[in-house]
Amino acid sequence: MTRAQRGGTKFTALKPAPVPALEPAGAQRSGRTIGVGRVNLLLGVGILLAIALNLLTGRHPIEFSDLLAALGGQRVPGVSFMLWEDRLPQAAVGILAGAAFGASGAIFQRLLRNPLASPDVIGVGYGASAAAVAGMLFFGAQGIGLSLLAFAGALVVALVIYVIADSGKHTGARLILAGIAVAALLQGIIQYLLTRTDVRNASDALRWLTGSLSASTWERAGLLGCALVILLPLLMPAASRLRILELGDDTAAGLGLRVRGTRLGLIILGVALTAVATAVTGPLAFVSFLAGPLALRLCQGRSHLGAAALTGALLVTAATYLAGNVLPETPLPVGVVTGALGAPFLIWVLVRTNKEGT
Amino acid sequence: MALLQAEDLTLAYDGPSIVDELSLEIPAGEVTIIVGANGCGKSTLLRGLARLLKPAGGKVLLDGEDIHTRGAREVAKMLGLLPQTPTAPDGITVRELIGRGRYPHQGWFKRWSAQDEDAVERAMTLTSTVELAERAVDELSGGQRQRVWIAMALAQETELLLLDEPTTYLDVAHQLEVLDVISELNRSRGTTVVIVLHDLNLAARYADHLVALKHGKIVAAGHPSTVVTEELVKSVFGMPCRVIPDPVAGTPLVLPIGRHRVLRAESVLAANGIHRTRQPDAAIGEDTTSLLTAEELTTREPQIDTITATDTATGATPQSVEPLPVAEDSSLRRAEEISAMLAFSTRVLATEDLSANFKRVTLSGADLSHFGAGAHPLDLRIKLMIPPASAASSTAEPESVLGSDFAALRPGALLNSEDAGGWYKRWLALPTESRGDMRTYTVRALRPAGHRDNLGEHPEIDIDFVLHLQKLDGQLTGGPATVWAATAEVGDAMLVLGPNKALCDETYGGIEFRPGTAKRILLAGDETAAPAICSILESLPAGITGHALIEVPDTGDILGSSTRSGVGVQWLPRGSHPHGEMLAAAVRSIVAIPAAGAVVTGADPEDVDVDEQILWETTTESTQPFYAWLAGEASMIKEMRRYLVRNAGIDRKQVAFMGYWRRGKSEL
Ligand SMILES: Cc1cc2nc3c(=O)[nH]c(=O)nc-3n(C[C@H](O)[C@H](O)[C@H](O)COP(=O)(O)OP(=O)(O)OC[C@H]3O[C@@H](n4cnc5c(N)ncnc54)[C@H](O)[C@@H]3O)c2cc1C
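Within any chain, residue numbers begin from 1 and follow the written order of that chain's sequence. Here every chain gets a letter starting at A, and every ligand a number starting at 1, in the order they are written. Where totals are concerned, whole chains, interfaces and linings use all residues; where local detail is concerned, this predicted model gives features only for residues with pLDDT of at least 70, and gives and counts side-chain atom pairs only at 80 or more. Only heavy atoms go into the side-chain values, all of them from the structure, while hydrogens and water stay out.

An unreviewed UniProt entry lists chain B under the name Mycobactin import ATP-binding/permease protein IrtA, from Paeniglutamicibacter terrestris. According to its UniProt record, chain B has this under Cofactor (unreviewed entry): "FAD". UniProt positions are given in the numbering used here, feature names are shortened, and annotations may be inferred rather than shown by experiment. We quote the UniProt Subcellular location (unreviewed entry) comment for chain B here in full: "Cell membrane".

In structure tokens form, the structure reads like this:
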């Protein structure tokens, strides 16, 4: 038999014979999926609990019976309006934005193989903020227009950082430094924009900048929901590509992944998620940064974009509760709480990375 | 068509090209290993072959189609790649990592299937990673981890597998472990493998096809035994070295020559009787001559070639197309394993005065058990190293007088094949007073050990010397060989250069009698050819007819000869006739004009200047019914040739003409 023939027949010979059923190995695999699934379930339960807690024991608690009645569609005076026009849209926006931030952060962290590389730390969020602020102040932008502006700003920043950090090969200090520099520059720009506008407008923008759910409406929730209906399903293929990409560029290419295109696609997805959420809630500090690593812990070291999204949602809903109830007199913007949670974690990560000498 | 090939491939990152107009075919089903110094472009080439790098020029063909017109996933189903430093995500298990090799076979909607599971299982079995399956990759040893990565590439189930330095950072045992796994997979699955490797010795051992790269160009490609030479290593790695056969695998083994350990090593070798006569880093190919120049006589190929065992073993290598006297691959080996020519240390066992002009000397020695060239010696010629007149004693070991070159050529000595070809030049460069002379004679008889006519325990050879001597003032004068023979006594030493029985057969170049299919022959010569003619006659089978004409000085020199054939023998005592006159007359009377059975070509033999070169024109394979063999004094031979070719019209291909000696000239 010639070599060519051998090569030809061998290929088909290698194709495995059909196997009737899945063996223990397969069971093991699905066993692991159940593991992540259970984590996701718990996260979902946690989110519901946080919302319920907020409704029932929050600043203006609602009686459980009233809550059920109002949810059931009855008009409960003083409750129905607050529930339907304030609390529920706020919870919905919180969940959606949290999920978007969480997923976006995890995508960036895994893509750049660095826990510090979340969009809020490396300045992508500031890009969205700067563009949004400029839009609000100069054009009175709102709604979709604001989302698109935020998206454009975030994308520009992400690409700038990406180019500076050289295609993800040097994900260490260089990327972080580039991000911090860009963030500082953008903060300066935002400050400048605020000083140039009249005080009333500026204070609106400022509140937005701290990140808050207080201005949530069904309309905004719907807007965010529409965007996420498109974006969140993309997490599935994104996850399967990330799994290959994290083996190294050459290995990934050898496995048939178009590395550059995929990386760009993932960046755009991550930026889009951050941008749509930022446009609605303003930058919720450190949600992106915290969600990924927390989800990783919960899933016992297995990274999972879905879990990261749910963790983000839980973080935001829990922070909403805290923001409303931590100080007896004044409710805090959610962004202050997430920022307070994130800062120590950031310091811890920095110290640890420093020790590992990365 | 090769499954994978490069055509005029030029690869560059941003600056100057790293791989330069390179063409390469990866032989299917074989293990190809690419070697070269750091920065020679070997890894870049691999990336280019794997579609990771877009060519700046030329193209890579995968199954005949430009690899860049194919989709990434499609390519990944045919070609797997293991890059130099793949990164394993934190905490990933072996099974999970290997499973990622299935990526190209999964689609947007096609989920993990039983087929994927099977492929992973097979990959783990082949790489013996089954028992590691549930362990975390970061916990594994370097060798285990590399096997896991190979398993991942295997799970891809491709026909081609490309690996970039799969043994870096591994200790020796793990390097072998990894390469064994790869070659096992090549053998069991027929996977075509391309490896970039920096270790030349491992490459030589595991490659079917070795490609040496330098400055982005291929310097050599082929089987390791033909590619790995000292010259190549020097040029590709800039490292002087020796190349010897790997005692384990038989493949070429490169021994680098450092600066400081060499002298030491030299003395160790010397203590073991191994002598290297050349500077280690002297250029190869310097000594491309062997006995070719020793024999002014020859116009054909060298009569004693130094060929190497590897040349014969590998067959149709470019090097073996013509018998190159100098091996491409040089190595320390037993002389009888690699050199077709050996030096035999002998002693005179007996002498016999056959007549006034002939003296028979019988030589014997243990070395002669390696002497021979197939069946009957016919006109088998040998070289006698006549000791210099100044030699302290005629019984001293000849090789001690003549130097280490000949010691290394003795059977049992360790020889560097590179040195096997250069001895003649080196010998010639010595002053005559110390080196003595070399003369050509015929083996009149060869008797293996135990032959009933033997006088001793070892094999014996008879040489019949023509004594062309004059007594001047009571001093014997003549050629050195003649003087030696005339005064030879039992116990005298003689170094004989002749064919190595193990590597020579009846096609040996030191035999000229090649009648082919001829049934009618003519043998003609003077006394120096008498031993050869008598020896040929003894081996001729019945059914051959023709004539043997031998001109000798005197009636007393008519020696007995026997033959089973129908060839009639005629001795022509010269007496006072000029040398060759009687012989020429006899040849004319036998070969009429035009000669019967001759192919008339009408060709004019170009005029040969006897004073410029001794006539030597022989044939290899005559298909004609008539064959003539003529030997003796050169100008006599020239006359006979003129007659036979020009007047009788016999095709030169039917006649062997050999000037055995030349009046007024010494052999050298
Ligand atoms: C293939 C081959 C096989 C040979 N086989 C034999 C053999 O079996 N027996 C044998 O005796 N010879 C044989 N010869 C011839 C032998 O090699 C030469 O005769 C050689 O020159 C002798 O060497 P030398 O040292 O005696 O004389 P050199 O030093 O070579 O010559 C000294 C002088 O002697 C002259 N001379 C040389 N030979 C003769 C001679 N035969 N008669 C008269 N003058 C001569 C030379 O012309 C020169 O002037 C053979 C030659 C060849 C090529």
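Remarks on the pairing of strand S29 (residues 655–661) of chain B
Residues and elements named next belong to chain B. Any residue under 20% of the maximum accessible area for its type is buried, any over 50% is exposed, and the rest in between are partly exposed; the area is computed with a 1.4 Å probe on protein chains only. The helix and strand labels rest on DSSP assignments: H or I over at least four residues marks a helix, E over at least two residues marks a strand, and numbering proceeds from the N terminus. The element S29 is extensively covered by neighbouring structure, given that five of its seven residues are classed as buried. In this analysis, strands are considered paired if DSSP registers two or more bridges between them. For strand S27 (residues 616–617) and S29, the ladder comprises two bridges, and the chain directions are antiparallel. Following the sheet pairing, Glu617 is matched in S29 by Phe657. Taken together, the six bridges between strand S28 (residues 626–633) and S29 define a ladder with parallel strand orientation. Counted as the bridge partner of Glu633 is Trp661 from S29. The handedness of a crossover follows from its direction of travel: if, with the strands pointing away from the viewer, the path from the first strand over the helix to the second runs clockwise, the crossover is right-handed. You can see the chain leave S28, run along helix H22 (residues 634–647) and come back into S29, and the turn it takes is right-handed.

Concerning the nonpolar core
Put simply, buried Ala, Val, Leu, Ile, Met, Phe, Trp, Tyr and Cys residues joined by side-chain atoms within 4.5 Å make one nonpolar core. If you look at the biggest cluster of nonpolar residues, it comprises 160 residues, and the most contacted ones within it are Leu273 of chain A together with Ile33, Ile98, Ile182 and Ile195 of chain B. Domain segmentation is taken from an automatic or database assignment of domains. Per-domain counts for this core show at least three residues from each of domain 1 (4–228) and domain 2 (239–307) of chain B. Once residues within four sequence positions are removed from consideration, Ile195 of chain B is found in contact with Val31, Thr32, Ile33, Ile34, Leu163, Pro166, Leu179 and Ile182 of chain B. Ranked by size, the runner-up nonpolar core spans 71 residues in total, among them Tyr441, Ala530, Tyr627 and Trp629 of chain B. Throughout, a residue-residue contact means that at least one pair of heavy atoms, one from each residue, lies within 4.5 Å.

Quick notes on the packing of aromatic side chains
Two aromatic rings from Phe, Tyr or Trp, using only the six-membered ring of Trp, form a pair when their centres are within 6.5 Å; if the ring planes differ by under 30 degrees the pair is stacked, by over 60 it is edge-to-face, and anything between is tilted. In the structure shown here, the tally under the stated rule is eight aromatic pairs over all chains. Taking the centre distance of 5.3 Å and the plane angle of 55° together, the rings of Phe289 of chain A and Phe345 of chain A count as tilted. Of this pair, Phe289 of chain A sits in helix H13 (residues 287–298) while Phe345 of chain A is found in helix H15 (residues 334–356), placing the two residues 56 residues apart along the sequence. Assessed through its relative accessible area of 0%, Phe289 of chain A is described here as buried. Taken together, a centroid distance of 6.0 Å and an interplanar angle of 50° make the contact between Phe465 of chain B and Trp484 of chain B tilted. One end of the pair, Phe465 of chain B, is in strand S20 (residues 460–466); the other, Trp484 of chain B, is in helix H19 (residues 480–487), with 19 residues separating them in the sequence. With respect to class, Phe465 of chain B is no different from Trp484 of chain B; both count as buried. Definition used: whenever NZ (Lys) or CZ (Arg) falls within 6 Å of the ring centre and also within 35 degrees of the ring normal, the charge is taken to sit over that ring. Taking the ring centre of Tyr103 of chain B as reference, the NZ or CZ of Arg73 of chain B above it sits at 4.5 Å.

Things to note about the pattern of salt bridges
Residue and element names in this part refer to chain B. Whenever a carboxyl oxygen of Asp or Glu lies within 4 Å of a side-chain nitrogen of Lys or Arg, that contact is scored as a salt bridge. Scanning the entire structure with this criterion turns up 29 salt bridges over all chains. Note that Glu177 is salt-bridged to Arg147, the shortest N-O span being 2.6 Å. Of this pair, Glu177 sits in helix H6 (residues 172–189) while Arg147 is found in helix H5 (residues 142–155), placing the two residues 30 residues apart along the sequence. Residue classification places Arg147 among the buried positions, given a relative accessible area of 12%. Among the ionic pairs, Asp367 bridges to Arg410, the shortest N-O distance being 2.9 Å. Residue Asp367 is found in the loop between strand S15 (358–364) and strand S16 (381–386), and its partner Arg410 is found in the loop between helix H15 (404–408) and strand S17 (414–416); the two are separated by 43 residues along the sequence. Looking at Arg410, the relative accessible area reads 24%, which means it is partly exposed.

Details of the site of the ligand
Residues and elements named next belong to chain B. Any residue with a non-hydrogen atom lying within 4 Å of a molecule or strand is treated as near it. Thr440, Thr442, Val466, Thr482 and Arg662 are the nearest of the 24 residues found near the ligand. Within the backbone of Thr440, an N or O atom sits 2.6 Å from an oxygen atom of the ligand. For the ligand, an oxygen atom lies 3.2 Å from a polar atom in the backbone of Pro480. Elements supplying a minimum of two residues to the shell around the ligand: strand S18 (437–442), S20, H19 and S29. Examining the composition of the shell around the ligand, we find that four residues originate from one element, S18, more than from any other. Following the grouping adopted for this structure description, the nonpolar residues are Ala, Val, Leu, Ile, Met, Phe, Trp, Tyr, Cys and Pro, the charged ones are Asp, Glu, Lys and Arg, and the polar ones are all others, Gly among them. For the shell around the ligand, the per-class residue count stands at nine nonpolar, eight polar and seven charged. Polar contact is defined as a pair of N or O atoms within 3.5 Å, subject to the rule that within protein one atom must be able to donate a hydrogen and the other to accept it, and that residues adjacent in sequence are counted only when both atoms are side-chain atoms.

A look at unusual backbone geometry
Residues and elements named next belong to chain B. Even without being glycine, Ser128 reaches a positive phi, approximately 50°. With respect to the helices, strands and loops of the structure, Ser128 is situated in the loop between helix H4 (114–126) and H5. Looking at Ser128, the relative accessible area reads 37%, which means it is partly exposed. Unlike most non-glycine residues, Glu157 shows phi in positive territory, near 50°. Counting through the fold element by element, Glu157 comes out in the loop between H5 and strand S7 (160–164). Glu157 gets classed as buried once you look at its relative accessible area, which sits at 8%.

Remarks on the side chain of Asp164 of chain B
All names here are of chain B. The topology assignment puts Asp164 in strand S7. Counting rule for charge: Lys and Arg are taken as positive, Asp and Glu as negative, and neither His nor the chain ends is counted. Buried charged residue Asp164 carries no salt bridge. Nearest counter-charge: Arg47, at 6.5 Å. Among the polar contacts made by the side chain of Asp164, one reaches the side chain of Ser43 at a distance of 2.9 Å. Look past the residues within four positions of Asp164 in its chain and what remains in contact with it is Ser43, Leu46, Leu82, Pro83, Gln84 and Val196.

Some remarks on the sheet that holds strand S1 (residues 4–11) of chain B
Residue and element names in this part refer to chain B. Taken in spatial order, the four strands of this open sheet run S2-S1-S4-S5, and their pairing is antiparallel. The sheet terminates laterally at strand S2 (19–26) and strand S5 (65–66), the two strands that pair on one side only. Bridging between S1 and strand S4 (residues 57–62) involves five bridges; their strand directions are antiparallel. Counterpart to Glu7 in the pairing with S4 is Lys59. Between the N-to-C directions of two axes lies an angle of 0 to 180 degrees, each axis being a line fitted to C-alpha atoms and, for a helix, fitted only over the stretch in contact. Where helix H1 (residues 42–49) meets the sheet, its contacts fall on S1, S2 and S4, and the angle it forms with S1 comes to roughly 120°.

Focus on the sheet that holds strand S24 (residues 520–525) of chain B
Residue and element names in this part refer to chain B. Spatial ordering of the open sheet is given by S26-S25-S24-S28-S29-S27, a layout of six strands whose pairing is mixed. With partners counted over all chains shown, the strands left at the sheet margins are strand S26 (566–573) and S27, one partner each. The sheet contacts of helix H21 (residues 581–590) involve S24, strand S25 (545–552), S26 and S28, and relative to S25 the element is tilted by about 165°.

Quick word on H22 of chain B
All names here are of chain B. Multiplying one less than the number of residues by 1.5 Å gives the expected span of a helix. Here H22 is 14 residues long and its end C-alpha atoms lie 19 Å apart, about the 20 Å a rise of 1.5 Å per residue gives. Regarding H22, the residues found buried are Ala634, Met636, Ile637, Met640, Arg641, Tyr643, Leu644 and Val645. In this structure, the buried residues of H22 make contact with H21, S27, S28 and S29. In the segment just after H22, Gly649 is the residue with positive phi, at about 70°.

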